[in-house]
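Working through the structure, step by step
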Amino acid sequence: MADAKIRLCVEHDLAAGNSVPLDRDQANYLFNVMRLGVGAHILLFNSRDGEFLAEVADAGKRRGLLAVLHQTKPLQMPPDLWLLFAPIKKARTDFIVEKAAEMGAARICPVQTEYTNSDRIRQDKLQAHAMEAAEQCGGTYVPEVAGIAKLRSVLETWPEDRRLMFCDEALAGRAPGLAQAKRGKWAILIGPEGGFSDAERAALSKIPQSLPVSLGPRILRADTAAVAALTLWQSKLGDWA
Ligand code: SAH
(Lines give C-alpha, C1' and ligand atoms only; values in the text may rest on other atoms or scores of the structure.)
Protein backbone atom coordinates (compact mmCIF):
# COMPACT_ATOMS: atom_id res chain seq x y z
CA MET A 1 0.00 0.00 0.00
CA ALA A 2 1.95 2.99 -1.29
CA ASP A 3 -0.31 5.86 -0.23
CA ALA A 4 -0.77 5.76 3.50
CA LYS A 5 -4.00 7.49 4.53
CA ILE A 6 -4.55 6.42 8.10
CA ARG A 7 -2.95 8.77 10.62
CA LEU A 8 -2.39 7.80 14.21
CA CYS A 9 -1.24 9.89 17.16
CA VAL A 10 1.09 7.88 19.41
CA GLU A 11 3.05 8.57 22.59
CA HIS A 12 6.33 7.01 21.50
CA ASP A 13 9.32 8.89 20.14
CA LEU A 14 9.40 8.89 16.35
CA ALA A 15 12.63 8.50 14.38
CA ALA A 16 13.62 6.29 11.44
CA GLY A 17 14.31 2.78 12.71
CA ASN A 18 12.19 3.06 15.90
CA SER A 19 9.53 0.49 16.73
CA VAL A 20 6.14 1.54 18.03
CA PRO A 21 4.09 -1.05 19.94
CA LEU A 22 0.33 -0.70 19.63
CA ASP A 23 -2.15 -0.91 22.47
CA ARG A 24 -5.35 -2.92 22.29
CA ASP A 25 -7.54 -0.09 20.94
CA GLN A 26 -5.02 0.91 18.29
CA ALA A 27 -4.54 -2.72 17.16
CA ASN A 28 -8.30 -3.23 17.03
CA TYR A 29 -8.74 -0.07 14.97
CA LEU A 30 -5.95 -0.82 12.49
CA PHE A 31 -6.33 -4.56 12.05
CA ASN A 32 -10.00 -5.32 12.73
CA VAL A 33 -11.76 -2.09 11.73
CA MET A 34 -9.48 -0.86 8.94
CA ARG A 35 -8.33 -4.38 8.01
CA LEU A 36 -4.65 -3.51 7.61
CA GLY A 37 -2.13 -6.34 7.55
CA VAL A 38 1.64 -6.76 7.80
CA GLY A 39 3.41 -4.48 5.31
CA ALA A 40 0.65 -1.83 5.24
CA HIS A 41 1.72 1.79 5.59
CA ILE A 42 0.32 4.34 8.01
CA LEU A 43 1.32 7.81 9.19
CA LEU A 44 2.30 8.56 12.79
CA PHE A 45 2.79 11.76 14.79
CA ASN A 46 3.20 12.54 18.49
CA SER A 47 3.07 16.37 18.92
CA ARG A 48 6.92 16.48 19.19
CA ASP A 49 8.71 14.88 16.24
CA GLY A 50 6.57 15.69 13.17
CA GLU A 51 4.93 13.04 10.99
CA PHE A 52 6.51 9.72 9.99
CA LEU A 53 5.65 6.93 7.59
CA ALA A 54 5.50 3.55 9.31
CA GLU A 55 4.93 -0.02 8.24
CA VAL A 56 2.98 -2.70 10.05
CA ALA A 57 5.57 -5.23 11.23
CA ASP A 58 3.29 -7.37 13.37
CA ALA A 59 -0.52 -7.47 13.39
CA GLY A 60 -2.33 -9.31 16.19
CA LYS A 61 -5.92 -9.14 17.38
CA ARG A 62 -5.03 -7.20 20.53
CA ARG A 63 -1.53 -5.92 19.82
CA GLY A 64 0.82 -5.05 17.03
CA LEU A 65 4.11 -3.42 16.12
CA LEU A 66 4.89 -0.63 13.69
CA ALA A 67 8.32 0.00 12.16
CA VAL A 68 9.03 3.71 11.66
CA LEU A 69 10.43 4.36 8.17
CA HIS A 70 11.06 8.07 7.48
CA GLN A 71 9.78 11.54 8.23
CA THR A 72 7.03 12.87 5.96
CA LYS A 73 6.38 16.26 7.64
CA PRO A 74 8.21 18.39 10.17
CA LEU A 75 6.43 19.37 13.39
CA GLN A 76 4.17 22.32 12.67
CA MET A 77 3.12 24.10 15.83
CA PRO A 78 -0.12 26.09 15.77
CA PRO A 79 0.06 29.79 16.70
CA ASP A 80 0.18 30.51 20.44
CA LEU A 81 -3.58 30.79 20.76
CA TRP A 82 -5.77 29.53 23.62
CA LEU A 83 -9.50 29.02 23.32
CA LEU A 84 -11.44 29.70 26.53
CA PHE A 85 -15.07 28.66 26.38
CA ALA A 86 -17.92 27.89 28.76
CA PRO A 87 -19.01 24.25 28.33
CA ILE A 88 -22.48 23.78 26.89
CA LYS A 89 -24.37 20.57 26.08
CA LYS A 90 -22.10 17.56 25.60
CA ALA A 91 -22.41 17.22 21.81
CA ARG A 92 -21.85 20.95 21.32
CA THR A 93 -18.88 20.98 23.71
CA ASP A 94 -17.39 18.04 21.78
CA PHE A 95 -17.91 20.05 18.60
CA ILE A 96 -16.10 23.10 20.01
CA VAL A 97 -13.08 21.01 21.05
CA GLU A 98 -12.93 19.19 17.71
CA LYS A 99 -13.19 22.44 15.72
CA ALA A 100 -10.63 24.23 17.92
CA ALA A 101 -8.11 21.46 17.21
CA GLU A 102 -8.84 21.59 13.47
CA MET A 103 -8.67 25.38 13.37
CA GLY A 104 -5.27 25.50 15.05
CA ALA A 105 -5.73 26.43 18.70
CA ALA A 106 -2.69 25.50 20.80
CA ARG A 107 -4.60 25.08 24.08
CA ILE A 108 -8.27 24.54 24.89
CA CYS A 109 -9.47 25.79 28.28
CA PRO A 110 -13.01 25.13 29.49
CA VAL A 111 -14.07 27.88 31.92
CA GLN A 112 -16.95 28.04 34.33
CA THR A 113 -18.82 31.34 34.13
CA GLU A 114 -21.79 32.57 36.13
CA TYR A 115 -24.27 31.39 33.51
CA THR A 116 -22.39 28.28 32.38
CA ASN A 117 -24.87 25.54 31.49
CA SER A 118 -22.75 22.68 32.65
CA ASP A 119 -19.82 22.74 35.06
CA ARG A 120 -18.73 19.15 34.48
CA ILE A 121 -16.58 18.01 31.63
CA ARG A 122 -14.83 14.75 30.85
CA GLN A 123 -11.35 16.11 30.29
CA ASP A 124 -10.03 12.73 29.06
CA LYS A 125 -12.84 12.39 26.51
CA LEU A 126 -12.35 15.96 25.29
CA GLN A 127 -8.60 15.33 24.98
CA ALA A 128 -9.38 12.22 22.88
CA HIS A 129 -11.62 14.35 20.62
CA ALA A 130 -8.79 16.83 20.12
CA MET A 131 -6.45 13.96 19.23
CA GLU A 132 -8.90 12.46 16.72
CA ALA A 133 -9.37 15.88 15.13
CA ALA A 134 -5.58 16.26 14.73
CA GLU A 135 -5.37 12.77 13.21
CA GLN A 136 -8.11 13.60 10.74
CA CYS A 137 -6.98 17.10 9.70
CA GLY A 138 -3.34 16.36 8.97
CA GLY A 139 -2.02 18.21 12.03
CA THR A 140 1.20 17.18 13.73
CA TYR A 141 0.27 18.70 17.10
CA VAL A 142 -2.58 17.92 19.51
CA PRO A 143 -3.74 20.89 21.58
CA GLU A 144 -3.88 20.29 25.33
CA VAL A 145 -7.36 20.33 26.86
CA ALA A 146 -7.04 21.89 30.31
CA GLY A 147 -9.25 21.03 33.30
CA ILE A 148 -12.21 23.29 33.94
CA ALA A 149 -11.39 26.47 35.89
CA LYS A 150 -13.50 29.36 37.16
CA LEU A 151 -13.40 32.33 34.80
CA ARG A 152 -13.03 34.74 37.71
CA SER A 153 -9.87 33.04 38.97
CA VAL A 154 -8.48 32.68 35.45
CA LEU A 155 -8.91 36.44 35.01
CA GLU A 156 -7.33 37.21 38.40
CA THR A 157 -4.08 35.58 37.31
CA TRP A 158 -4.22 36.51 33.66
CA PRO A 159 -0.68 36.52 32.13
CA GLU A 160 0.61 40.00 31.37
CA ASP A 161 1.97 39.03 27.97
CA ARG A 162 -1.20 37.43 26.56
CA ARG A 163 -3.95 39.41 24.88
CA LEU A 164 -7.55 38.33 25.31
CA MET A 165 -10.05 38.53 22.45
CA PHE A 166 -13.21 38.89 24.49
CA CYS A 167 -16.11 37.94 22.20
CA ASP A 168 -18.83 40.17 23.56
CA GLU A 169 -22.37 39.59 22.32
CA ALA A 170 -23.26 43.12 23.48
CA LEU A 171 -21.12 44.39 20.58
CA ALA A 172 -23.08 42.48 17.90
CA GLY A 173 -23.44 44.71 14.88
CA ARG A 174 -20.26 46.71 15.45
CA ALA A 175 -17.03 46.34 13.47
CA PRO A 176 -15.00 43.34 14.73
CA GLY A 177 -12.46 45.52 16.58
CA LEU A 178 -9.32 43.67 15.57
CA ALA A 179 -8.02 46.34 13.17
CA GLN A 180 -5.18 47.53 15.44
CA ALA A 181 -4.40 44.12 16.93
CA LYS A 182 -0.85 42.82 16.71
CA ARG A 183 0.41 39.24 16.44
CA GLY A 184 1.70 37.48 19.54
CA LYS A 185 0.28 35.44 22.39
CA TRP A 186 -3.50 35.49 22.38
CA ALA A 187 -6.58 33.83 23.83
CA ILE A 188 -10.17 33.88 22.62
CA LEU A 189 -13.00 33.96 25.17
CA ILE A 190 -16.47 32.64 24.24
CA GLY A 191 -19.34 32.84 26.72
CA PRO A 192 -22.16 30.38 27.44
CA GLU A 193 -25.67 30.45 25.97
CA GLY A 194 -26.67 32.88 28.73
CA GLY A 195 -23.87 35.31 27.85
CA PHE A 196 -21.64 37.12 30.38
CA SER A 197 -22.82 38.59 33.69
CA ASP A 198 -22.30 42.24 34.62
CA ALA A 199 -19.69 41.22 37.19
CA GLU A 200 -17.77 39.27 34.55
CA ARG A 201 -17.92 42.20 32.15
CA ALA A 202 -16.59 44.46 34.91
CA ALA A 203 -13.73 42.03 35.63
CA LEU A 204 -12.93 41.78 31.92
CA SER A 205 -12.90 45.56 31.49
CA LYS A 206 -10.25 45.85 34.25
CA ILE A 207 -7.79 43.68 32.36
CA PRO A 208 -5.74 45.86 30.03
CA GLN A 209 -4.92 42.85 27.81
CA SER A 210 -8.63 42.31 27.09
CA LEU A 211 -9.99 43.47 23.72
CA PRO A 212 -13.79 43.33 23.29
CA VAL A 213 -14.62 42.01 19.84
CA SER A 214 -17.80 41.66 17.78
CA LEU A 215 -18.58 38.60 15.67
CA GLY A 216 -20.96 40.34 13.30
CA PRO A 217 -24.54 41.57 13.35
CA ARG A 218 -26.21 38.37 14.62
CA ILE A 219 -26.01 36.66 18.01
CA LEU A 220 -24.34 33.33 17.37
CA ARG A 221 -24.71 30.17 19.37
CA ALA A 222 -21.62 29.51 21.46
CA ASP A 223 -20.40 26.66 19.20
CA THR A 224 -20.84 28.79 16.07
CA ALA A 225 -19.19 31.74 17.85
CA ALA A 226 -16.13 29.61 18.68
CA VAL A 227 -15.60 28.66 15.02
CA ALA A 228 -16.29 32.22 13.82
CA ALA A 229 -13.85 33.71 16.36
CA LEU A 230 -11.12 31.20 15.48
CA THR A 231 -11.62 32.00 11.78
CA LEU A 232 -11.49 35.73 12.38
CA TRP A 233 -8.37 35.49 14.55
CA GLN A 234 -6.57 33.01 12.29
CA SER A 235 -7.20 35.12 9.18
CA LYS A 236 -6.05 38.36 10.83
CA LEU A 237 -3.32 37.29 13.27
CA GLY A 238 -2.65 33.58 12.90
CA ASP A 239 -1.20 31.12 10.43
CA TRP A 240 -3.72 31.84 7.64
CA ALA A 241 -2.76 35.50 7.61
N1 SAH B 1 -27.66 34.87 25.54
C2 SAH B 1 -26.79 35.83 24.98
C3 SAH B 1 -26.00 35.25 23.80
C4 SAH B 1 -24.88 34.35 24.15
S5 SAH B 1 -24.15 33.71 22.69
C6 SAH B 1 -27.60 37.00 24.46
O7 SAH B 1 -28.67 36.77 23.92
O8 SAH B 1 -27.11 38.12 24.53
C9 SAH B 1 -22.78 32.82 23.36
C10 SAH B 1 -21.44 33.51 23.24
O11 SAH B 1 -21.05 33.60 21.88
C12 SAH B 1 -21.38 34.93 23.76
O13 SAH B 1 -21.18 34.99 25.16
C14 SAH B 1 -20.20 35.50 22.99
O15 SAH B 1 -18.97 35.13 23.58
C16 SAH B 1 -20.33 34.81 21.66
N17 SAH B 1 -21.07 35.60 20.65
C18 SAH B 1 -22.20 35.22 19.99
N19 SAH B 1 -22.56 36.15 19.09
C20 SAH B 1 -21.65 37.15 19.15
C21 SAH B 1 -21.45 38.36 18.45
N22 SAH B 1 -22.27 38.75 17.48
N23 SAH B 1 -20.37 39.13 18.76
C24 SAH B 1 -19.52 38.74 19.75
N25 SAH B 1 -19.65 37.59 20.44
C26 SAH B 1 -20.69 36.79 20.15
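Everything numeric in this text was worked out from a predicted model, so none of it was measured.

**A word on the environment of Pro87**
Relative to the assigned elements, Pro87 resides in the loop between strand 6 (81-85) and helix 2 (90-103). Residues Pro87 and Ile121, spaced 34 residues apart in sequence, show a C-alpha to C-alpha distance of 7.5 Å. Non-local contacts of Pro87, meaning those with residues more than four positions away in its chain, are made with Thr93, Pro110, Val111, Thr116, Asn117, Ser118, Ile121 and Ile148.

**Section: unusual backbone geometry**
We note that Arg35 has phi near 60°; this positive angle belongs to a residue other than glycine. Within the element layout of this structure, Arg35 appears in the loop between helix 1 (24-33) and strand 3 (41-45). Non-glycine residue Ser47 carries a positive phi angle of around 75°. Structurally, Ser47 can be placed in the loop between strand 3 and strand 4 (51-59).

**Concerning the side chain of His41**
Here His41 is to be found in strand 3. Residue His41 is classed as buried on the basis of its relative accessible area, which comes to 15%.

**A closer look at the pattern of salt bridges**
The tally for this structure, following the rule as stated, stands at 14 salt bridges. Note that Asp124 and Arg122 form a salt bridge whose closest N and O atoms lie 3.0 Å from each other. On the accessibility criterion, Arg122 (48% relative accessible area) is partly exposed. Across the pair Lys185 and Asp161 runs a salt bridge whose closest N-O atoms are separated by 2.9 Å. Residue Lys185 is found in the loop between strand 10 (163-167) and strand 11 (186-190), and its partner Asp161 is found in the loop between helix 4 (151-156) and strand 10; the two are separated by 24 residues along the sequence. A relative accessible area of 46% places Asp161 in the partly exposed class.

Calculation criteria
Residues numbered from 1 in each chain as written. Predicted model: local features only at pLDDT ≥ 70, side-chain atom pairs only at ≥ 80, totals over all residues. Heavy atoms only, no water. Helix = DSSP H or I, 4+ residues; strand = E, 2+ residues; numbered from the N terminus. Contact = heavy atoms within 4.5 Å. Buried < 20%, exposed > 50% of the residue type's maximum accessible area, 1.4 Å probe, protein only. Salt bridge = Lys/Arg side-chain N within 4 Å of Asp/Glu carboxyl O.

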